[in-house]
Amino acid sequence: MNGSTAVADNYLSHGRGFRSWFFTLDHKRIGVMYLASIFFFLILGGFFAMLIRTELLTPGRTIMDADTYNQVFTLHGAVMIFLFIIPGIPAAFGNFVLPVMLGAKDVAFPRLNLLSYHLYVVGAIFSVVSILLGAVDTGWTFYTPYSTTTHTSVVSMTLGAFILGFSSIFTGINFIVTIHRMRPPGMSWNRLPLFLWALYSTAIIQVLATPVLGITLLLLIVERLLGIGIFDPALGGDPVLYQHFFWFYSHPAVYIMILPAMGVMSELISVFSRKHIFGYKAIAYSSVAIAVLSFLVWGHHMFTSGQSDLGNMIFSALTFSVAIPSAIKVFNWLATMYKGSIRLDTPMLYALSFLLLFGIGGLTGLFLGALATDVHLHDTYFVVAHFHYTMMGGVLIAFLGAMHYWWPKMFGRMYSEKAGRLAAFLVFVGFNLTFFSQFVMGSQGMPRRYYNYLDRFQPYHVLSTIGAYVLAVAFVVLAGNLIHSLFRGRKAPANPWGSATLEWMCASPPPHDNFAEPPEAGDPYDLEHLVYDESIGGYVPRTAREGA
């Protein structure tokens, strides 16, 4: 590895024009297109969130009527879940990084990879069109029987989600085969980077669970279009059956979202603590354990839906079991940081935010897994706060950490650390202002999804809305910093952070074919052989430095 060498024919300059991008088979370009698309939908979902928080600033009408409010919060959930959080880290960073981390030229099936992206675009178009035709007002869960009777565009929106499911399945198949078949010499399963372990576990869930959602949404469409009674009790159907099908996918989907985020954390904590990861095998195997257990806990979403007492007890016990592998990861991350040389660069600030926010999200989940407290807290703002601390405090924060970590590799430019740290601080403050107050009002009985509320809840809503505005400012700073770096940022060295995984052994941005020859893989967390070279502002192998 030459720490400073940039190549003229990198993947960004290899071909120009719309066709060279939209029909490319290069996994890196597909990853960048996913990143741009996903970031667009993050902004769109965030815009809907701002409308919701502004409306809830006062009881009664503030800026919209009740029907419009129902549509806006449905769109916020559907856009964020199906177009941002689920594909976020695997599709954008997984596509870009996975083959390079393996020292390979591409994924196992490049054409299938391109088809996955095109399906994502088609599914997104269906979703956007449904907004224009008559935005859905069912909530992002599309619960029956209301979703079979409402006059909004349920069919086109669910068809969009159905198509997005195929995109997710194809990506999962590609990742599984690539990791099995394309590991370089020296990379045994026990030397696989933990981010790839996380992607592998995620891919298993994507392949096995997503078809259940696809079939469920297809049955919903058939019921609406043909009037065949499946879920609607007026037609002889069973709405609780829909909930079983929906949550059998959607709870594992939570781990489709969070497992890649945990993989990002393992990379960031080790690199920015300048220490070998603690408990490598425990972290790797806990990813697989989470994937397996995730299929067994869907019933905890239905404690109040009329399940038997025995069923509720079993699902409650199984729900607590998921906490074990999650806690193993957190313990090992903390042990990695212990006596480490911690560097508070922007990616590490997001990693520390993740630890605190995901910790709160996980611990508050215990109250929802326990039968006695879940009945009280069900359908309140406590659930909203728990969900956002887990998903947004976990996945979004890790997504931002990953973006700042791999940005120099993807685009060959360094961003302003000062502005990056400011944005990370504002994200942390804005997030807690927005959602912590929701724990309080939820525990006091404020129902979720309500358009109107009692006056005594207004101070909490005002605080939450102010936090949302702070978050909006943070994203403006974040986006401005990254966009500015593309034009004015310092050129990035090959390895600015001092990581030992293979993607940092090629130039920034990577060449079109990644590596001229397959590299030999070593321990991905042995950082001792890397030293900082001030002349290039990055890390190089100790042997290269001594030989220079």
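Right above here is the structure, for reference.
Now for a description of the structure that goes with this document. Note that this is a predicted model, so its numbers are computed, not measured.

Rules and cut-offs
Residues numbered from 1 in each chain as written. Predicted model: local features only at pLDDT ≥ 70, side-chain atom pairs only at ≥ 80, totals over all residues. Heavy atoms only, no water. Helix = DSSP H or I, 4+ residues; strand = E, 2+ residues; numbered from the N terminus. Rg over C-alpha atoms; globule rule 2.2 N^0.38 Å. Buried < 20%, exposed > 50% of the residue type's maximum accessible area, 1.4 Å probe, protein only. Contact = heavy atoms within 4.5 Å. Expected span 1.5 Å × (residues − 1). Bend = angle between axes of the 7 residues up to and from the residue. Polar contact = N/O pair within 3.5 Å; in protein donor to acceptor, adjacent residues only side chain to side chain. Core = buried A, V, L, I, M, F, W, Y, C linked by side-chain atoms within 4.5 Å. Phe/Tyr/Trp six-rings, centres within 6.5 Å; stacked < 30°, edge-to-face > 60°. Pairing = 2+ DSSP bridges.

Okay, the overall build of the protein chain next. Broken down by element type, the protein chain carries 16 helices and 2 strands. Since a compact globule built from 548 residues should have a radius of gyration of about 24 Å, the 23 Å found for the protein chain is in line with a globular shape. Oriented by its inertia axes, the alpha-carbon framework of the protein chain measures out at about 75 × 45 × 45 Å. Here the protein chain holds 548 residues, and 59% of them are scored as buried. Taking as baseline every contact in the protein chain between residues at least 6 positions apart, the subset at least 24 positions apart corresponds to 81%.

Turning our eyes to something else, we now look at helix H14 (residues 417-443). Its 27 residues place the ends of H14 39 Å apart at the C-alpha level, agreeing with the 39 Å of an ideal helix rising 1.5 Å per residue. Maximal helix bending in H14 amounts to about 25°, located at Leu433. Near the N-terminus of H14, the side chain that reaches the backbone nitrogen of Lys418, with its oxygen 3.4 Å away, is that of Ser416.

Okay, the nonpolar core next. Membership of the largest hydrophobic core comes to 154 residues, with the highest contact counts inside it found for Phe82, Phe93, Phe195, Phe354, Phe399, Met403 and Trp406. For Phe93, the residues in contact, after removing those within four places along its chain, are Leu35, Gly88, Leu98, Phe195, Phe399, Ala402, Met403, Trp406 and Met410.

Looking at the element boundaries, Ile277 is found in the loop between helix H8 (239-273) and helix H9 (280-293). C-alpha of Ile277 to C-alpha of Ala323: the two residues are 46 residues apart in sequence and 21 Å apart in space. Setting aside its immediate chain neighbours within four residues, Ile277 contacts Leu194, Ser266, Ser270, Ile283, Trp333, Thr336 and Tyr525.

Attention now goes to the packing of aromatic side chains. Considering all chains together, one arrives at 49 aromatic pairs under this definition. Their ring planes at 90° and their centres at 5.1 Å tell us that Phe246 and Trp247 sit as a pair that is edge-to-face. According to the relative accessible area criterion, Phe246 is buried, its value standing at 1%. For Trp247, a relative accessible area of 9% puts it in the buried group.

As a further point, take the environment of Met262. Considering the arrangement of structural elements, one finds Met262 in helix H8. Taking C-alpha positions, Met262 is 14 Å from Tyr405, a pair spaced 143 residues apart along the chain. Among residues more than four places away in sequence, those in contact with Met262 are Ile290, Ser326, Lys329, Trp333, Phe354 and Phe358.

Here the focus is the pairing of strand E1 (residues 530-533). Alignment of E1 against strand E2 (residues 538-541), held across 4 bridges, turns out to be antiparallel. Note that in E2 the partner of Asp533 across the bridge is Gly538. In this structure, the hairpin formed by E1 and E2 is closed by a connection of 4 residues, where Gly537 is found at a positive phi of approximately 70°.

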